[in-house]
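Each chain, letter by letter, is given below.
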Amino acid sequence: MSNTSAPEGLPAGRTAAALDAVDRAMLDVLADDARISVRSLAERLAISRANAYSRLDRLLRDGVITGFGARIDPQLAGLGTSAYVLVTVEQTAWRALKDALGAIPYVEHIALVGGDVDVLLLVRTPDNATLRDVVLGRIQAVDGVRATRTWLVFDEFPGAGSPLS
(Lines give C-alpha, C1' and ligand atoms only; values in the text may rest on other atoms or scores of the structure.)
Protein backbone atom coordinates (compact mmCIF):
# COMPACT_ATOMS: atom_id res chain seq x y z
CA MET A 1 0.00 0.00 0.00
CA SER A 2 1.29 3.47 -0.88
CA ASN A 3 2.03 6.08 1.75
CA THR A 4 1.28 8.88 -0.68
CA SER A 5 -2.11 10.49 -0.51
CA ALA A 6 -4.29 11.89 -3.25
CA PRO A 7 -4.59 15.66 -3.65
CA GLU A 8 -7.22 17.20 -1.39
CA GLY A 9 -10.76 16.36 -2.47
CA LEU A 10 -9.73 13.53 -4.78
CA PRO A 11 -10.13 9.80 -4.21
CA ALA A 12 -6.97 7.77 -3.60
CA GLY A 13 -5.19 6.85 -6.81
CA ARG A 14 -6.37 9.96 -8.68
CA THR A 15 -3.90 12.71 -9.55
CA ALA A 16 -6.40 15.16 -11.03
CA ALA A 17 -10.06 15.96 -10.87
CA ALA A 18 -12.19 13.98 -13.30
CA LEU A 19 -13.04 15.84 -16.50
CA ASP A 20 -16.42 15.40 -18.11
CA ALA A 21 -17.10 15.25 -21.85
CA VAL A 22 -17.65 19.02 -22.10
CA ASP A 23 -14.35 19.75 -20.31
CA ARG A 24 -12.53 17.40 -22.69
CA ALA A 25 -14.21 18.94 -25.73
CA MET A 26 -13.24 22.39 -24.44
CA LEU A 27 -9.61 21.28 -24.12
CA ASP A 28 -9.69 19.89 -27.67
CA VAL A 29 -11.02 23.18 -29.07
CA LEU A 30 -8.51 25.26 -27.08
CA ALA A 31 -5.60 23.00 -28.07
CA ASP A 32 -6.55 23.62 -31.70
CA ASP A 33 -7.21 27.37 -31.33
CA ALA A 34 -6.27 29.04 -28.03
CA ARG A 35 -7.28 32.43 -29.47
CA ILE A 36 -10.95 31.50 -29.83
CA SER A 37 -13.35 33.86 -28.05
CA VAL A 38 -15.35 32.49 -25.14
CA ARG A 39 -18.51 33.25 -27.10
CA SER A 40 -17.33 31.12 -30.05
CA LEU A 41 -16.09 28.44 -27.66
CA ALA A 42 -19.53 28.28 -26.01
CA GLU A 43 -21.24 28.07 -29.41
CA ARG A 44 -18.95 25.22 -30.57
CA LEU A 45 -19.64 23.30 -27.36
CA ALA A 46 -23.38 24.12 -27.33
CA ILE A 47 -23.20 25.55 -23.81
CA SER A 48 -23.94 29.00 -22.41
CA ARG A 49 -21.22 31.65 -22.22
CA ALA A 50 -21.56 31.67 -18.43
CA ASN A 51 -20.96 27.91 -18.38
CA ALA A 52 -17.97 28.30 -20.72
CA TYR A 53 -16.47 31.05 -18.51
CA SER A 54 -17.05 28.96 -15.38
CA ARG A 55 -15.46 25.84 -16.87
CA LEU A 56 -12.53 27.80 -18.30
CA ASP A 57 -11.91 29.48 -14.92
CA ARG A 58 -12.02 26.09 -13.15
CA LEU A 59 -9.65 24.45 -15.63
CA LEU A 60 -7.20 27.34 -15.18
CA ARG A 61 -7.56 27.40 -11.38
CA ASP A 62 -7.09 23.62 -11.12
CA GLY A 63 -3.97 23.78 -13.30
CA VAL A 64 -5.43 21.63 -16.09
CA ILE A 65 -4.77 24.55 -18.44
CA THR A 66 -1.31 25.90 -17.64
CA GLY A 67 -1.24 28.74 -20.14
CA PHE A 68 -1.82 29.88 -23.68
CA GLY A 69 0.83 30.44 -26.32
CA ALA A 70 1.91 30.36 -29.92
CA ARG A 71 3.27 27.25 -31.60
CA ILE A 72 6.58 28.31 -33.10
CA ASP A 73 8.42 26.53 -35.89
CA PRO A 74 11.96 26.25 -34.46
CA GLN A 75 13.59 26.06 -37.90
CA LEU A 76 11.91 29.24 -39.13
CA ALA A 77 12.70 30.94 -35.80
CA GLY A 78 16.44 30.36 -36.33
CA LEU A 79 16.85 27.20 -34.28
CA GLY A 80 17.73 24.81 -37.10
CA THR A 81 19.60 22.20 -35.05
CA SER A 82 17.64 20.02 -32.63
CA ALA A 83 18.86 17.12 -30.53
CA TYR A 84 17.77 14.88 -27.72
CA VAL A 85 20.47 14.72 -25.08
CA LEU A 86 20.34 11.69 -22.81
CA VAL A 87 21.94 12.38 -19.44
CA THR A 88 23.16 9.91 -16.82
CA VAL A 89 23.45 11.44 -13.37
CA GLU A 90 24.72 10.57 -9.93
CA GLN A 91 21.68 9.12 -8.19
CA THR A 92 21.90 11.50 -5.24
CA ALA A 93 22.08 14.59 -7.48
CA TRP A 94 19.02 14.42 -9.73
CA ARG A 95 16.85 16.78 -7.64
CA ALA A 96 19.46 19.55 -7.72
CA LEU A 97 20.05 19.07 -11.46
CA LYS A 98 16.57 20.26 -12.46
CA ASP A 99 17.29 23.93 -11.78
CA ALA A 100 20.83 23.82 -13.19
CA LEU A 101 19.73 22.14 -16.44
CA GLY A 102 16.67 24.40 -16.73
CA ALA A 103 18.90 27.48 -16.60
CA ILE A 104 20.96 26.43 -19.63
CA PRO A 105 20.07 28.41 -22.76
CA TYR A 106 18.58 26.34 -25.62
CA VAL A 107 17.30 23.55 -23.32
CA GLU A 108 13.63 23.45 -24.27
CA HIS A 109 12.34 20.45 -22.32
CA ILE A 110 13.58 18.34 -19.40
CA ALA A 111 12.15 14.92 -18.54
CA LEU A 112 13.19 12.61 -15.72
CA VAL A 113 12.95 9.13 -17.22
CA GLY A 114 13.38 5.53 -16.20
CA GLY A 115 15.68 3.12 -17.98
CA ASP A 116 19.31 3.23 -19.05
CA VAL A 117 19.49 7.03 -18.69
CA ASP A 118 18.10 9.38 -16.08
CA VAL A 119 17.23 12.63 -17.86
CA LEU A 120 16.12 13.39 -21.42
CA LEU A 121 16.66 16.94 -22.71
CA LEU A 122 15.33 18.51 -25.89
CA VAL A 123 17.89 21.07 -27.05
CA ARG A 124 17.31 23.47 -29.96
CA THR A 125 20.19 25.63 -31.18
CA PRO A 126 20.97 27.77 -34.23
CA ASP A 127 23.73 25.42 -35.44
CA ASN A 128 25.94 22.42 -34.64
CA ALA A 129 28.70 24.55 -33.10
CA THR A 130 26.25 25.99 -30.56
CA LEU A 131 24.88 22.50 -29.86
CA ARG A 132 28.44 21.29 -29.20
CA ASP A 133 29.00 24.19 -26.78
CA VAL A 134 25.72 23.53 -24.96
CA VAL A 135 26.40 19.80 -24.55
CA LEU A 136 30.15 19.80 -23.91
CA GLY A 137 30.48 23.17 -22.22
CA ARG A 138 27.26 23.61 -20.27
CA ILE A 139 25.43 20.31 -19.70
CA GLN A 140 28.51 18.22 -18.95
CA ALA A 141 29.78 20.95 -16.59
CA VAL A 142 26.76 20.59 -14.28
CA ASP A 143 27.68 18.95 -10.97
CA GLY A 144 26.22 15.45 -10.82
CA VAL A 145 26.20 14.79 -14.58
CA ARG A 146 28.13 11.58 -15.22
CA ALA A 147 27.66 11.15 -18.96
CA THR A 148 25.69 12.38 -21.98
CA ARG A 149 24.66 10.93 -25.32
CA THR A 150 23.37 13.18 -28.07
CA TRP A 151 20.85 12.14 -30.72
CA LEU A 152 20.61 14.62 -33.58
CA VAL A 153 17.09 15.20 -34.93
CA PHE A 154 16.97 15.09 -38.74
CA ASP A 155 13.28 15.93 -39.12
CA GLU A 156 10.17 16.35 -36.97
CA PHE A 157 6.50 15.65 -37.53
CA PRO A 158 3.50 16.42 -35.32
CA GLY A 159 1.70 13.47 -33.80
CA ALA A 160 -2.02 13.10 -33.31
CA GLY A 161 -1.78 14.26 -29.70
CA SER A 162 -3.72 12.94 -26.76
CA PRO A 163 -7.40 12.21 -27.41
CA LEU A 164 -9.27 14.34 -24.91
CA SER A 165 -12.84 13.95 -26.06
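Parameters at a glance
- Residues numbered from 1 in each chain as written.
- Predicted model: local features only at pLDDT ≥ 70, side-chain atom pairs only at ≥ 80, totals over all residues.
- Heavy atoms only, no water.
- Helix = DSSP H or I, 4+ residues; strand = E, 2+ residues; numbered from the N terminus.
- Expected span 1.5 Å × (residues − 1).
- Buried < 20%, exposed > 50% of the residue type's maximum accessible area, 1.4 Å probe, protein only.
- Arc of directions from axis to C-beta.
- Core = buried A, V, L, I, M, F, W, Y, C linked by side-chain atoms within 4.5 Å.
- Salt bridge = Lys/Arg side-chain N within 4 Å of Asp/Glu carboxyl O.
- Pairing = 2+ DSSP bridges.
- Axes fitted to C-alpha atoms, helices over the stretch in contact; angles between N-to-C directions.
- Contact = heavy atoms within 4.5 Å.

1. What to know about helix α3 (residues 49-61)
Here α3 spans 18 Å end to end across 13 residues, near enough to the 18 Å set by a 1.5 Å rise per residue. Every buried residue of α3 is listed here: Ala-52, Arg-55, Leu-56 and Leu-59. Along α3, the residues classed as buried sweep out an arc of 100° about the axis, all on the same side. Of the exposed residues in α3, the ones pointing more than 90 degrees away from its buried face are Ala-50 and Arg-61.

2. Some remarks on the nonpolar core
With 17 residues, the main nonpolar core has Val-85, Val-87, Leu-101, Ile-104, Leu-121, Val-123 and Ile-139 as its most contacted residues. Counting residues per element, the ones that place at least two in this core are β1 (81-89), α4 (94-102), β3 (119-125) and α5 (128-139). In this structure, Val-29, Ile-47, Leu-59 and Ile-65 belong to the second largest nonpolar core, which totals 14 residues.

3. Some remarks on the pattern of salt bridges
Side chains carrying opposite charge are able to pair once their charged atoms draw close together. Scanning the entire structure with this criterion turns up seven salt bridges. The salt bridge partner of Arg-39 is Glu-43, with a shortest N-O separation of 3.5 Å. A residue pair is termed a helical-turn pair when its members lie 3 or 4 positions apart in one helix, as Arg-39 and Glu-43 do in helix α2 (residues 38-45) at four residues. Residue Arg-39 shares its accessibility class with Glu-43, and that shared class is exposed. Among the salt bridges present, the one from Arg-132 reaches Asp-133, with a minimum N-O distance of 3.5 Å. Overall, the relative accessible area of 46% leaves Arg-132 in the partly exposed class. Members of the salt-bridge network, linked through shared partners, are Asp-20, Asp-23, Arg-55 and Arg-58.

4. Details of the sheet that holds β3
Strand pairing in a sheet is mediated by backbone hydrogen bonds. Such pairs are either parallel or antiparallel. Spatially, four strands are ordered β2-β3-β1-β4 in an open sheet, and the strand pairing comes out antiparallel. Whereas interior strands pair on both sides, the edge strands pair on one side only; in this sheet they are β2 (107-112) and β4 (145-153). Shown here is a sheet whose adjacent strand axes are inclined to one another by a mean of 20°, direction ignored. Pairing of β1 with β3, which is carried by seven bridges, proceeds in the antiparallel orientation. Opposite Val-85, over in β3, you have Leu-121 as the bridge partner. Contacting β1, β2, β3 and β4, α4 crosses the sheet at an angle of about 170° to β2.

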